[in-house]
Amino acid sequence: MVGERRAAILGMIIDYYIRTGEPLGSKSLCEMLPYSISSATIRNEMAALTAMGYLEQRHTSGGRVPTKAAYRYYVDNLMDAKRLTSYEKQIIAERLSTNASDPERLLADAAKLLSEVTGCAAFYSTVKDPIDCVQGVELIPAGGGKVMLVMLTLGGKIKSSVCTLHCPCDEEFKALFYGFAHEYFVGTPLEEIDLSFIQSAAPVLGPRVFDMLPLLSSLCSLCQEAANGSLVVYGETKLLSQTELEGSVFNLLMLLAGKEKLEKLLTRFACSNVKQSLVLGDENLLYELNNTAMALARFDYNNSQIATLGMIGSLRIDYKTILPRVDYIIKLTNNYLKEGGVRYE
């Protein structure tokens with residue numbers, strides 16, 4: 001069991017190592033403690049913490065550095081969290097409220113903000129929803145024979161593309177398109193809409209099918225894009241400057257670039273009952289993440305839609321500064337997803 005004095009010593013060693021990246025010896029620690037204690041006593045306490053698995057000595061004559069287990073104990077028991085100022089909360093709220101009514105853009109904004117605030121890599125993912133379907137479509141003339149096609153799904157996904165038409169986008173054309181879209185697309189599961197679906201429905205348009213073809217092909221692509229889950233990562237290169245990751249950063253960057261293994265991990269997390277988690281070191285299920293701290297959050301919104309948001313950094317991140325800001329971004333993102341843009345302080 002870690003007593004009060006050992007906890008104080010462990011906390012100071014971890015804080016010092018997070019700040020400097022250097023081991024802390026007994027003599028230096030003796031000078032830093034707010035009360036009088038001999039170097040011999042400190043060495044005994046450090047030896048005890050080493051035996052308990054919280055400290056390690058990388059060089060015979062060097063000081064001690066925290067182990068992976070020490071970071072978990074630190075976060076759970078010792079960390080003195082640095083609270084956000086009112087100004088920080090205001091800035092975060094303003095950044096996230098910009099696209100609060102568009103779930104995927106909101107998640108993208110939150111991931112970018114996480115990367116900026118933490119100096120780490122950040123990501124968001126959406127989980128494939130087999131029952132999501134088309135809720136509505138809209139045509140917006142853009143001039144020069146072009147129109148913007150906008151599609152909204154029941155799960156709140158908004159997809160758009162610009163199409164070039166070979167005929168005027170007049171009221172007759174729009175009425176025909178909206179009637180066809182309402183009959184064949186609205187209410188249809190996204191997974192069922194592909195080129196064969198288009199081909200089976202297109203004959204009802206008669207000779208005007210050729211005028212509609214650019215829109216129908218584009219709508220099909222939008223449906224397929226919305227039907228699949230996604231994983232987007234920001235700030236990967238920031239990991240290159242985190243010296244604790246030097247030996248494993250290549251494998252970590254390959255994991256983030258390949259995405260497939262991370263997607264499976266996030267999907268597993270999304271399908272669990274856990275809403276938020278901080279996974280440290282060997283607690284990670286992927287070996288590429290064994291030297292990292294990964295914060296994860298799961299969101300449920302808009303008719304069974306599921307998404308995750310998180311960050312990945314080295315084990316030597318500034319936990320007491322970073323974690324409260326990660327928690328606040330997660331809390332606000334969750335509120336916006338559920339309430340469609342209502343601001344929370």
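Not measured: the values here are computed from a predicted model.

Rules behind the numbers
Residues numbered from 1 in each chain as written. Predicted model: local features only at pLDDT ≥ 70, side-chain atom pairs only at ≥ 80, totals over all residues. Heavy atoms only, no water. Helix = DSSP H or I, 4+ residues; strand = E, 2+ residues; numbered from the N terminus. Contact = heavy atoms within 4.5 Å. Salt bridge = Lys/Arg side-chain N within 4 Å of Asp/Glu carboxyl O. Pairing = 2+ DSSP bridges. Axes fitted to C-alpha atoms, helices over the stretch in contact; angles between N-to-C directions. Parallel < 35°, antiparallel > 145°, perpendicular 65-115°, else oblique. Left-handed = near helix turned anticlockwise from the far one by under 90°. Nonpolar A, V, L, I, M, F, W, Y, C, P; charged D, E, K, R; others polar. Buried < 20%, exposed > 50% of the residue type's maximum accessible area, 1.4 Å probe, protein only. Disulfide = S-S within 2.5 Å.

Some details on the side chain of Ser 26
Next, step 1: Inspection of the secondary structure puts Ser 26 in helix 2 (residues 26–32).
Next, step 2: Contacts of Ser 26, omitting those with residues within four sequence positions, involve Ser 39, Ile 42, Arg 43 and Met 46.

Quick notes on the pattern of salt bridges
Next, step 1: Applying the stated criterion across every chain yields a total of 19 salt bridges.
Next, step 2: Its salt-bridge partner being Arg 72, residue Glu 283 comes within 2.8 Å of it at the nearest N-O pair. Of the two residues, Glu 283 is situated in the loop between strand 8 (276–280) and strand 9 (292–301) and Arg 72 in helix 4 (residues 68–78); the sequence distance between them amounts to 211 residues.
Next, step 3: Through salt bridges with shared partners, one network takes in Arg 5, Arg 6 and Glu 45.

Digging into the sheet that holds strand 9
Next, step 1: Spatially, five strands are ordered 7-3-10-9-8 in an open sheet, and the strand pairing comes out antiparallel. Pairing within the sheet leaves two strands with one partner each, and these edge strands are strand 7 (230–234) and strand 8. Within this sheet the neighbouring strands show an average axis-to-axis angle of 15°, counted without direction.
Next, step 2: By the bridge criterion, six bridges tie strand 3 (residues 121–126) to strand 10 (residues 305–314) in an arrangement that is antiparallel. Looking at strand 10, one finds that Thr 126 is bridged to Ala 307.
Next, step 3: With respect to the sheet, helix 6 (residues 103–118) is in contact with strand 3, strand 7, strand 9 and strand 10, its orientation differing from that of strand 3 by roughly 165°.

Observations regarding the packing of helix 1 (residues 4–20) against helix 4
Next, step 1: Packing of helix 1 against helix 4 brings their axes to within 11 Å, and their N-to-C directions diverge by 110°. One finds that helix 1 runs roughly perpendicular with respect to helix 4. Classified by chirality, the crossing of helix 4 by helix 1 is left-handed. The segment helix 1 lies against helix 4, with Ala 7, Leu 10, Gly 11, Ile 14, Asp 15, Tyr 17 and Ile 18 engaging Ala 70, Tyr 71, Tyr 73, Tyr 74 and Leu 78.
Next, step 2: Considering only residue class, the contact of helix 1 with helix 4 consists of 10 nonpolar, one polar and one charged.

Focus on unusual backbone geometry
Next, step 1: Positive phi, normally seen in glycine, also occurs at Lys 259, with a value near 70°.
Next, step 2: Inspection of the secondary structure assignment puts Lys 259 in the loop between helix 10 (249–258) and helix 11 (260–270).
Next, step 3: When its relative accessible area of 29% is taken as the criterion, Lys 259 is described as partly exposed.

Regarding the state of the cysteines
Next, step 1: Tallying each qualifying case throughout the model produces zero disulfides.
Next, step 2: As a non-bridged cysteine, Cys 220 has Cys 223 as the owner of its nearest cysteine sulfur, 6.8 Å distant.

From the geometry alone we can't say anything about function, so treat these as descriptive.
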